[in-house]
Amino acid sequence: MSFWIEQTFAGLSYGGLLFLLASGLSLIFGVMRIINMAHGSYFILGAYIGVTVVEVTGSWLLALLLASLAVAILGIFMHRYFLRVLGHGVAAELPQVMITVGFLFIIQQASIDIWGGDPMIVKVPSYLDWSLEIGGIFFPVYRIFMLAVACVMAVALWLGLEKTRAGAMVRASVDDSEMTRGLGINTERLSMAIFGLGAFLAGLGGVIGGGFIGVYPGLDFQILPLAFAVVIIGGLGTLRGAAFGSLIVGLMDTFGKALFPELSYFTLFAPMAIVLAIKPTGLFGRA
Amino acid sequence: MFSGRPRAVFTVLLVLVVLAAVTPFLPEYVCILLIQALIFGILAMGLDLLLGYTGLPSLGQAAYFGVGAYAVAILTTRYEFGFFPTVVLAILLSAAVAAIFGLIAIRAKGVYFLMLTLALAMVVWGLAWRWTSLTDGDNGITGIPRPELGFDLGIYINLFYFILFVFILCLGALYVLVNSPFGRSLVGIREREERMRMLGYNVWLHKYLAFIFSGIFAGIAGVLWAYYKNFVTPDDLFIDVSVEALLMVALGGPATLVGATIGAGVIVFLRNYVSIYYSGWPYILGAMYIFTILYLPEGLMGITRRLRRRAKAEKLDE
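Everything quoted here is computed from the prediction, not taken from an experiment.

Trainee: Describe the overall build of chain A, and please don't skip the residues or the numbers.
Mentor: Of regular secondary structure, chain A possesses eleven helices and two strands. Overall, chain A shows an N-to-C arrangement of helices and strands of α-α-α-α-β-β-α-α-α-α-α-α-α. Taken over C-alpha atoms, the radius of gyration comes to 19 Å for chain A, in line with the 19 Å a tight globule of 287 residues would show. Residues counted as buried form 53% of the 287 residues belonging to chain A. Pairs at least 24 residues apart make up 76% of the contacts formed inside chain A by residues separated by at least 6 positions.

Trainee: If you had to explain the overall build of chain B to someone new, which residues and values would you point to?
Mentor: Helices and strands together make up the secondary structure of chain B, namely 14 helices and zero strands. If you list the helices and strands of chain B from N to C, you get α-α-α-α-α-α-α-α-α-α-α-α-α-α. The C-alpha atoms of chain B give 20 Å as radius of gyration, which agrees with the globular expectation for 318 residues (20 Å, within 12%). Counting across all 318 residues of chain B, residues that qualify as buried make up 50%. Summarising the internal contacts of chain B: among those between residues at least 6 apart in sequence, 78% fall at separations of at least 24.

Trainee: Requested: an account of the pairing of strand β1 (residues 131–134) of chain A, with residues and values cited.
Mentor: Residues and elements named next belong to chain A. Note: β1 against strand β2 (residues 137–140), four bridges, orientation antiparallel. Looking at β2, one finds that Leu132 is bridged to Phe139. In this antiparallel pair of consecutive strands, β1 and β2, the connection spans two residues, and Gly135 shows a positive phi of 60 degrees.

Trainee: Please set out helix α11 (residues 266–278) of chain A residue by residue, giving values where relevant.
Mentor: Here α11(A) spans 19 Å end to end across 13 residues, near enough to the 18 Å set by a 1.5 Å rise per residue. Residues of α11(A) that are buried: Thr267(A), Leu268(A), Phe269(A), Met272(A), Val275(A) and Leu276(A). Buried residues belonging to α11(A) abut α9 (219–234) and α10 (239–259) of chain A together with α4 (83–105) and α5 (110–130) of chain B.

Trainee: Residue-level account of the environment of Glu6(A), with values.
Mentor: Topologically, Glu6(A) is positioned in helix α1 (residues 2–32). For Glu6(A), a count of 15 C-beta atoms within 10 Å gives the class partly exposed.

Trainee: Lay out the environment of Leu153(B) in plain terms, naming residues and giving numbers.
Mentor: All names here are of chain B. Inspection of the secondary structure assignment puts Leu153 in the loop between α6 (132–135) and α7 (156–179). The exposure class assigned to Leu153 is buried, which follows from the 20 C-beta atoms found within 10 Å. Sequence separation between Leu153 and Tyr228 is 75 residues; the distance between their C-alpha atoms is 9.1 Å. Once you skip the residues sitting within four places of it in the chain, Leu153 turns out to touch Arg146, Pro147, Asn158, Leu159 and Phe162.

Trainee: Give a description of the packing of helix α3 (residues 61–77) of chain B against α4(B) that names residues and reports values.
Mentor: Residue and element names in this part refer to chain B. Interaxial distance between α3 and α4 falls to 8 Å at its minimum, and their mutual angle equals 145 degrees. The hand of the α3/α4 crossing is right-handed. Taken together, the residues of α4 that come into contact with α3 (itself represented by Ala63, Tyr64, Val67, Gly68, Ala71, Val72, Leu75 and Thr76) are Thr86, Leu89, Ala90, Ile91, Leu93, Ser94, Val97, Ala98 and Phe101. Here the residues of the contact of α3 with α4 sort into 13 nonpolar, four polar and no charged.

Trainee: I'd like a rundown of the interface of chain A and chain B, residues and numbers included.
Mentor: Of the residues lining the interface, 34 residues belong to chain A; the matching set on chain B comes to 35 residues. Mapped by element, the contributors of at least two residues to the side of chain A that touches chain B are α4 (93–115), α9 and α11 of chain A. It is α4(A) that provides the largest number of residues to the side of chain A that touches chain B, a total of 13 residues. Of the residues contributing to the side of chain A that touches chain B, the split by class is 27 nonpolar, five polar and two charged.

Trainee: An account of the packing of helix α11 (residues 239–252) of chain B against helix α12 (residues 258–277) of chain B is needed here, citing residue identities and associated values.
Mentor: Residue and element names in this part refer to chain B. Across the interface, α11 lies against α12 with an axial gap of 7 Å and an inter-helix angle of 115 degrees. Helix-helix and strand crossings are classified by hand; for α11 and α12 the assignment is right-handed. Across the interface between the two elements, Glu244, Leu247, Met248, Val249, Leu251 and Gly252 of α11 pack against Gly259, Ala260, Thr261, Ile262, Gly263, Ala264, Val266 and Ile267 of α12. A breakdown of the residues in the contact of α11 with α12 according to their chemical character gives nine nonpolar, four polar and one charged.

Trainee: Give me the lowdown on the nonpolar core, citing residues and values where you can.
Mentor: Counting 204 residues, the largest nonpolar core has Ala227(A), Ile39(B), Leu43(B) and Ala221(B) as the members making the most contacts within it. No other element matches the 17 residues that α5(B) contributes to this core.

Trainee: Break down unusual backbone geometry for me, with residues and values.
Mentor: Although it is not a glycine, Arg33(A) adopts a positive phi angle of roughly 60 degrees. Along the chain, Arg33(A) turns up in the loop between α1 and α2 (39–57). When the 19 C-beta atoms within 10 Å are taken as the criterion, Arg33(A) is described as partly exposed. Even without glycine at this site, Asn230(B) takes up a positive phi of about 70 degrees. Note that Asn230(B) resides in the loop between α10 (203–229) and α11.

Trainee: Report on the confidence of the model for chain A, specifying residues and quantitative values.
Mentor: Close inspection of predicted coordinates is inappropriate in any region flagged by low pLDDT. In the predicted model, chain A carries a mean pLDDT of 89, and 99% of its residues have values of at least 70. Confidence, expressed as mean pLDDT per element, reaches its minimum in chain A at α11(A) with 76 and its maximum at α2(A) with 96.

The rules behind the values
- Residues numbered from 1 in each chain as written.
- Chains lettered and ligands numbered in written order.
- Predicted model: local features only at pLDDT ≥ 70, side-chain atom pairs only at ≥ 80, totals over all residues.
- Helix = DSSP H or I, 4+ residues; strand = E, 2+ residues; numbered from the N terminus.
- Rg over C-alpha atoms; globule rule 2.2 N^0.38 Å.
- Buried ≥ 20, exposed ≤ 12 C-beta atoms within 10 Å, placed from the backbone.
- Contact = placed C-beta atoms within 7 Å.
- Pairing = 2+ DSSP bridges.
- Expected span 1.5 Å × (residues − 1).
- Axes fitted to C-alpha atoms, helices over the stretch in contact; angles between N-to-C directions.
- Left-handed = near helix turned anticlockwise from the far one by under 90°.
- Nonpolar A, V, L, I, M, F, W, Y, C, P; charged D, E, K, R; others polar.
- Core = buried A, V, L, I, M, F, W, Y, C linked by C-beta atoms within 7 Å.
- pLDDT = per-residue confidence, 0-100.

Take a look at the structure:
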């Protein structure tokens, strides 16, 4: 019994981490129809910068903030100078993917040049580095924190999208970006803000995840398909989809690794196949 | 470009003949690089069928490449299969995996297709990496013997001719395929899917077959790769293989077949020569993606096309 509780908790908290990554991916796609292949790179960059900030200043909270902001600025830069020029629409989709792949390789090599090839870990402060014992089962507080951050972000994003004027503009842009432009809303600035926000969330996920799975060369390529699996299952451009997808993928991946270690990636395949057989745009996605 | 015009066919044949004639006089490492370029050329041409002609951007070609390579590795080292049964089984396995993944992927469109093919390919990579009892995990499988075909394939120049022969077969098959009514329908689907459907074409079946064919060519490339390298590791089917195949097609020029091979050649040779002098190859690779998209939207083949267009315009001016 304790195995199931422990693994469920581990899966849920991992899902929380994936939500930070996938919600940004999903938002960016929703507004701009861009699949950001460099999203995993934002994640590792957040973690690496986090490592350095903790080393230099000793403050983990500062690392959380600075790393996320730095990644957000990089995202805005990429969008402003490389992605915006390609225009909108279906014809721009593949070129945008290729450009972000280009950044993926550049960031990959840059992080090896700056931080070396050895695995690193973002040092977690002592007030989060202990375990809560309930009925003989240990719950690492850091994982509780991870889940809590994801929940707070989910609620904040939901409130932001549903209850604010900017959120209404974003939703309008997701539904029909041409019409939204026609109504005189500056979708360019909106796109920039969303790209920055998505990058910020990925960077935040990187610092938090860097305290738990660490960071090493190749992690960018490993985490990206998980984020993709989330949005494939949940549907692109929906917050609800990202939330449900994250939990499903988090649980599937955790249980898969614990129960069938040899087939670990295969356990992601099954839910994806089932969802797509029923609904090609994901559980909550629209065409 | 390379679509039914006799002059283009002649040029390609001429280049191949020159290549075959010149290679014995080249240094061995150039010969090895040519082998690599031809193998990736087959992979990229297979992707071109899907991406260039059918308009389906697959980011999962590494999966079928890897299945072909691992099938050769496992069948030859564990079960001591001969050359022909190994090759036939390996290609059939790649086709089977493509047929299963295609059932799922073809349902999706545009970027969903792209993400889905990538995620599915990661499943295959995950198996190669974790299913250690079958694949030996991270260590990979070593000691794949070169096939015995009556001449010594341990010598690189012989291996080169063997692979050039397979390459020409693949190029010929793809050329016939894209110029057949089936190939024409694929282009129609790329341009106007709805209209093709209205005209009564089975769009799904066309896409599905293109997907499987593309997987078969990736499988053939994987088979050759395993025989050439004598060992396979999970790295051989990681995402970067799929992603580089995409660059090869974009760099050479989509929907040209030979463009994909030129793209493969440029990347293989650049990578090797740059790496001698400079350790930051990924920077250059990354910059190539960005540069190709921003400045060479029609790829390298588009340059000659543009030059010819200009020449024609000048002739009209006179």
